[in-house]
Amino acid sequence: MDFKMHEYTHAVVGKVTPALRITDRADLNDARRQHDCFLRLLRELNLEVVEIDFGYPFPENALLEHISIVCHGIALLMKPTSNMEDDMLKILKEVMQKDLGQTVIELSDPYAKVNGSDVLFTGREFFVGISDTSNEAGASAVAEAFPEFPCTPIKMSKGARHLKSYITMAGPEILCVGASKEAQELLKRMEREATFSYQTLTVPEDEAANCLYINGTLIHRAIEEIPDSFKTFCEKIDFARRSICFSELAKISTGLSACVLLVRKT
């Protein structure tokens, strides 16, 4: 296993600017406080934080995972679904190319749909959850963008959320998965199709399954948000862990992974 797959130099995030309209999905002030703590933590893990002001209001400006996948020096940019996304992608393309030296590939197949929150990179292979937001053509586009890694489409159940709402990486070769029926069935489908074998860490609350493993440290949500899963992390993880409040940002996203693009600049 190449442990450098989970080592990063930069974290690209959107600036949480005041909302121009009221959102009933999340409290802006709490979200900004949580976002500030998140950025502080990323800096403590030796990441250079690149904060982009996209010129759009909260919450959309905070969510980057759904419009890009970054891996191995390549940034795959999705097709915009609105004028706002079009503007954000243009800014993101410039940052990825000029500031971070990434090779940018833009999704061109008119039939391809892919959302980064449906795409899990394990360090060895990709899984793409096939649902309303990502299709087989989108999975093929991921495979073409990153040809050195196996890429497997995984059928999601009807009405399911994004793949990363149920499963992410909690460490090298460790899949973190929720305990719900939906999450466990998804895990079984992934294990049947996987090219490699993984350990699994099952957490009682599905919302705890979206975590980040960065530079040797696992980031997960705080004890007041995931009390049962927090205990599981304490008992099962024997390397560095950091916890963070993310309740407001989680209301508008799949969780921790949705608000940052991790980059390894060579």
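Just above sits the structure.
In this report, the structure presented in the accompanying data block is examined. Only a predicted model underlies this, so the values are computations on that prediction, with no experimental measurement involved.

This paragraph deals with helix α1 (residues 28-44). A rise of 1.5 Å per residue sets the reference length of α1, with its 17 residues, at 24 Å; its end C-alpha atoms lie 24 Å apart and thus fit the reference within 8%. Buried within α1 are the following residues: Leu 28, Ala 31, Gln 34, His 35, Phe 38, Leu 39, Leu 41 and Leu 42. Looking straight down α1, one finds that the buried residues subtend no more than 160° of arc, so they occupy a single side. Close packing links the buried residues of α1 with β1 (10-14), β2 (48-52), β12 (212-214), β13 (217-221), β14 (241-244) and α6 (247-251). A positive phi of about 65° marks Asn 46, the residue just after α1.

With that settled, consider the side chain of Thr 254. Position of Thr 254 among the secondary structure elements: in the loop between α6 and β15 (261-263). A polar atom in the side chain of Thr 254 sits 3.4 Å from the side chain of Glu 65. Residue contacts for Thr 254: discarding those within four places in its chain leaves Glu 65, Ser 117, His 162, Lys 164, Ser 165 and Asn 210.

Before going further, it helps to spend a moment on the sheet that holds strand β7 (residues 126-130). Taken in spatial order, the 3 strands line up as β6-β7-β8 in an open sheet, and their pairing is mixed. Taken across any chain shown, the strands that pair with only one partner, and hence form the sheet edges, are β6 (119-121) and β8 (151-155). The mean angle between the axes of side-by-side strands here comes to 20°, regardless of whether they run parallel or antiparallel. Helix α4 (residues 181-193) rests against β6, β7 and β8 of the sheet, and its axis sits at about 145° to β8.

In this section: the pairing of strand β9 (residues 167-171). The element β9 is largely enclosed, with a buried count of 5 among its 5 residues. Inspection of the sheet shows β9 paired to strand β10 (residues 174-178) by 4 bridges, in the antiparallel sense. The residue of β10 that forms the bridge with Gly 171 is Ile 174. Hairpin remark: β9 followed by β10, antiparallel, with 2 residues in the connecting loop; positive phi at Glu 173, about 65°.

Take the pattern of salt bridges next. Tallying each qualifying case throughout the model produces 12 salt bridges. Ionic pairing is found between Glu 65 and Lys 164, a salt bridge with its closest N-O pair at 2.7 Å. On the criterion of sequence distance, the pair formed by Glu 65 in the loop between β2 and β3 (68-71) and Lys 164 in the loop between β8 and β9 is long-range, its members being 99 residues apart. Lys 164 matches Glu 65 in its accessibility class, with the two residues each being buried.

Rules used throughout
- Residues numbered from 1 in each chain as written.
- Predicted model: local features only at pLDDT ≥ 70, side-chain atom pairs only at ≥ 80, totals over all residues.
- Heavy atoms only, no water.
- Helix = DSSP H or I, 4+ residues; strand = E, 2+ residues; numbered from the N terminus.
- Expected span 1.5 Å × (residues − 1).
- Buried < 20%, exposed > 50% of the residue type's maximum accessible area, 1.4 Å probe, protein only.
- Arc of directions from axis to C-beta.
- Contact = heavy atoms within 4.5 Å.
- Polar contact = N/O pair within 3.5 Å; in protein donor to acceptor, adjacent residues only side chain to side chain.
- Pairing = 2+ DSSP bridges.
- Axes fitted to C-alpha atoms, helices over the stretch in contact; angles between N-to-C directions.
- Salt bridge = Lys/Arg side-chain N within 4 Å of Asp/Glu carboxyl O.

That is the geometry; function is a separate question.
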